[in-house]
Amino acid sequence: MLGLLNPFKWIRRAISLILLIVILIPAYVALQVYNTGHNATPTKSDAIVIMGAAQNNGTPTPILQARINEAKRLYREGYAPRILTVGANQKGDLWTEAQASVKALAKGQIPHSVLSAVNLGKDTLSSTIAYVDVMKAKGYKTVIIVTDGYHCYRAISMANDLGVRATCSPVTTGPGAVDKTGWHYIARETGAYLAYKTA
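About the thresholds
- Residues numbered from 1 in each chain as written.
- Predicted model: local features only at pLDDT ≥ 70, side-chain atom pairs only at ≥ 80, totals over all residues.
- Heavy atoms only, no water.
- 1 Å grid on protein atoms, 1.4 Å probe; cavity = no way out; pocket = protein on both sides within 12 Å on 5 of 7 lines; lining within 4 Å.
- Points joined across faces, edges and corners; volume = space filled by probe spheres on them.
- Helix = DSSP H or I, 4+ residues; strand = E, 2+ residues; numbered from the N terminus.
- Expected span 1.5 Å × (residues − 1).
- Buried < 20%, exposed > 50% of the residue type's maximum accessible area, 1.4 Å probe, protein only.
- Phe/Tyr/Trp six-rings, centres within 6.5 Å; stacked < 30°, edge-to-face > 60°.
- Salt bridge = Lys/Arg side-chain N within 4 Å of Asp/Glu carboxyl O.
- Contact = heavy atoms within 4.5 Å.
- Pairing = 2+ DSSP bridges.
- Axes fitted to C-alpha atoms, helices over the stretch in contact; angles between N-to-C directions.
- Right-handed = clockwise from strand over helix to strand, strands pointing away.

Right, let's talk about the layout of surface pockets for a bit. Volume-wise, the largest pocket comes out at about 270 Å³. Along its surface, the largest pocket is lined by 19 residues, and Gly 52, Arg 67, Asp 123, Thr 124 and His 151 are the ones closest to its centre. Listed by contribution, the elements that provide at least two residues to the lining of the largest pocket are helix H2 (62-76), helix H4 (124-138) and helix H6 (183-198). Broken down by element, the lining of the largest pocket gets its largest block of residues, three residues, from H6.

Following this line, the structure appears as structure tokens:
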């Protein structure tokens, strides 16, 4: 009789272990998303990259404008000698996200000579692949990613996985700042990160 119970005991243990893993891994990633969003700091690098976000006929939306403002601050404080903007256009758009960012930076008196638009990328991974390809072609090895706070962890991971050393400078204003977003953003980023790592 005891021998018959033992297999069930091991099955229960196995199920408990699986459930523990299913809970712990997302919880760990969510904690990393949260901590990175609140504690990420940039280091001097070869380039700053502005992750794309929506634009309206060449005018950045508030979420993109906050990223542009942060990139301007970093450039003026000497964190990097150049800025890459990234992001394609939606169907019917005359402007890409990258072009809208360059236009706004130039209006903000950032010299055209330090700006490069990478007019590719519909999501974080395709945008990262696009700007990393440009960086490698130009011999750049380090990057500061400018994006929303809770997006930093995934954006850094993708850049590092593709062979560039990345830090992040999260926006502190606009709708993507951590004090304007909540657990839904952390949950979304946790899911997106796990999907990326298991793809």
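Let us look at H2. With 15 residues, H2 should reach 21 Å at 1.5 Å per residue; the first-to-last C-alpha distance of 21 Å fits that figure. Those residues of H2 that fall on the buried side of the exposure criterion are Leu 64, Ala 66, Arg 67, Ile 68, Glu 70, Ala 71, Lys 72 and Leu 74. Gly 78, located one to two residues past H2, shows a positive phi value of around 80°.

Evaluation of the coordinates by the stated rule reveals four aromatic pairs. Between Tyr 34 and Trp 183, the aromatic rings sit 6.0 Å apart at their centres with planes inclined by 10°, giving stacked as the arrangement. Residue Tyr 34 is found in helix H1 (residues 2-39), and its partner Trp 183 is found in helix H6; the two are separated by 149 residues along the sequence. Judged by relative accessible area, Tyr 34 falls into the partly exposed class, the value being 31%. A residue is classified by how much of its surface remains accessible, and Trp 183, at 63% relative accessible area, is exposed. Taken together through their ring pairs, the aromatic side chains of Tyr 34, Tyr 150, Trp 183 and Tyr 185 make up a single cluster.

Right, let's get into the pattern of salt bridges. Taken as a whole, this structure holds six salt bridges when the rule is applied. A salt bridge links Asp 161 to Lys 197; its shortest N-O distance comes to 2.8 Å. Of this pair, Asp 161 sits in helix H5 (residues 152-161) while Lys 197 sits in helix H6; the two residues are 36 residues apart in sequence, bridging distant segments of the chain. Taking the relative accessible area as the measure of exposure, Lys 197 reaches 41% and is therefore partly exposed.

Let's shift gears to the environment of Pro 60. Tracing the backbone through its elements, the reader meets Pro 60 in strand E3 (residues 59-60). A C-alpha to C-alpha distance of 19 Å links Pro 60 and His 151, two positions 91 residues apart in sequence. Apart from the residues lying within four places of it in its own chain, the contact partners of Pro 60 are Ala 54, Gln 55, Gln 65, Ile 68, Ala 100 and Ala 104.

As a further point, take the sheet that holds strand E4 (residues 83-86). Sheet architecture is open: five strands sit in the order E5-E4-E1-E6-E7, paired in parallel fashion. Whereas interior strands pair on both sides, the edge strands pair on one side only; in this sheet they are strand E5 (115-118) and strand E7 (165-170). Recorded for the sheet is a direction-independent mean angle of 25° between the axes of neighbouring strands. Of the strand pairs in this sheet, E4 and E5 are connected by four bridges, and their pairing is parallel. Residue pairing for E5: Ile 83 is matched across the bridge by Leu 115. Running at roughly 170° to strand E1 (residues 47-50), H2 makes contact with E1, E4, strand E6 (142-147) and E7 of the sheet. Of the strands in this sheet, E6 and E7 are in contact with H5, which crosses E7 at around 160°.

With six of six residues buried, E6 is to be regarded as a mostly interior element. Neither face of E6 is left uncovered, since the one carrying Thr 142, Ile 144 and Val 146 and the one carrying Val 143, Ile 145 and Thr 147 both have all their residues buried. Of the strand pairs in this sheet, E1 and E6 are connected by four bridges, and their pairing is parallel. When the sheet's bridge partners are listed, Ile 50 is paired in E6 with Val 146. For E6 and E7, the ladder comprises six bridges, and the chain directions are parallel. Following the sheet pairing, Thr 147 is matched in E7 by Pro 170. Note on the crossover from E6 through H5 to E7: the handedness is right-handed.

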